[in-house]
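Structure at a glance
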Amino acid sequence: MTEQAEQGTRDDHGEGPAVTTRVLTVPNAISFARLLLVPVFGVLIASGRDGWAVVVLAVSGASDWLDGVLARRLGQVSRLGQLLDPAADRLFIAVTLVGLVWRDVVPLWLLVVILAREVVLGVMLIALGRAGYPPPQVHLAGKAGTFALLYAFPLLLLASWDSWVGTVAEVAGWAFALWGVGLYWFAGALYLLQARRLLHAPPTREAPA
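Residues numbered from 1 in each chain as written. Predicted model: local features only at pLDDT ≥ 70, side-chain atom pairs only at ≥ 80, totals over all residues. Heavy atoms only, no water.

Here we look at the packing of aromatic side chains
- In this structure the tally under the stated criterion is 3 aromatic pairs.
- Measuring from ring centre to ring centre gives 6.0 Å for Tyr151 and Phe176, while their planes differ by 40 degrees; the resulting arrangement is tilted. Within this pair, whereas Tyr151 is found in helix H6 (residues 140-158), its partner Phe176 is found in helix H7 (residues 164-199), the two being separated by 25 residues in sequence.
- Exposure remark for Phe176: the relative accessible area of 35% places this residue in the partly exposed category. (Phe/Tyr/Trp six-rings, centres within 6.5 Å; stacked < 30°, edge-to-face > 60°. Helix = DSSP H or I, 4+ residues; strand = E, 2+ residues; numbered from the N terminus. Buried < 20%, exposed > 50% of the residue type's maximum accessible area, 1.4 Å probe, protein only.)

Considerations on H7
- A rise of 1.5 Å per residue sets the reference length of H7, with its 36 residues, at 52 Å; its end C-alpha atoms lie 52 Å apart and thus fit the reference within 8%.
- Listed as buried for H7 are Gly166, Ala169, Gly173, Ala177, Gly180, Val181, Tyr184, Ala187, Gly188, Tyr191 and Ala195.
- Among the structural elements, helix H4 (79-102), helix H5 (108-130) and H6 are those in contact with the buried residues of H7. (Expected span 1.5 Å × (residues − 1). Contact = heavy atoms within 4.5 Å.)

Here's the deal with the packing of helix H3 (residues 50-73) against H4
- Where H3 contacts H4, the axes come no closer than 11 Å and their chain directions differ by 160 degrees. When the axis of H3 is compared with that of H4, the two are roughly antiparallel. Relative to H4, the crossing made by H3 is left-handed. Here Val56, Leu57, Ser60, Asp64 and Asp67 of H3 come into contact with H4, specifically with Asp85, Asp89, Phe92 and Thr96. (Axes fitted to C-alpha atoms, helices over the stretch in contact; angles between N-to-C directions. Parallel < 35°, antiparallel > 145°, perpendicular 65-115°, else oblique. Left-handed = near helix turned anticlockwise from the far one by under 90°.)

Below you can see the structure in the form of structure tokens.
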């Protein structure tokens, strides 16, 4: 393995942190742990243990922020992490929404709107992969939308409490949810525009010998 492969490479534009092919990193361990929390949350929400479900959601949201910070500060941005982190986010959001819809905490349309975005981007990723392009890098708007949704879900769970806490949580939760959906789709539109430019770019011609 070359020194460049061991230490990592820059992104396509020569900017940003070095990206390594290492698998065993602290941020990746955090992402794996977040994936393990998904079925735990599913059991908690299905059994009506809302207090612990809120704790799991809060831990998941905090760990999502923490693994990104550690990846940059420790120089451990990895190819696996770039795939694992958004995958963990999307899986957690999907499972959480299904559980909340099943419990009648949130309406069905919220689940449909968010899953529709994932279906559209899934088709985009297939098209990019067939053309030989990697997935686009996570956009700040998408990350902000994910944070907003992960903060919205525990607040919406707390909204079922029959007290002033539930009233405040409902208002704050829906504010985060609506902002999250808007940012989520805004980032999706940016990804689609980026994919369109790549797929419609004229093929490069090799210079004559």
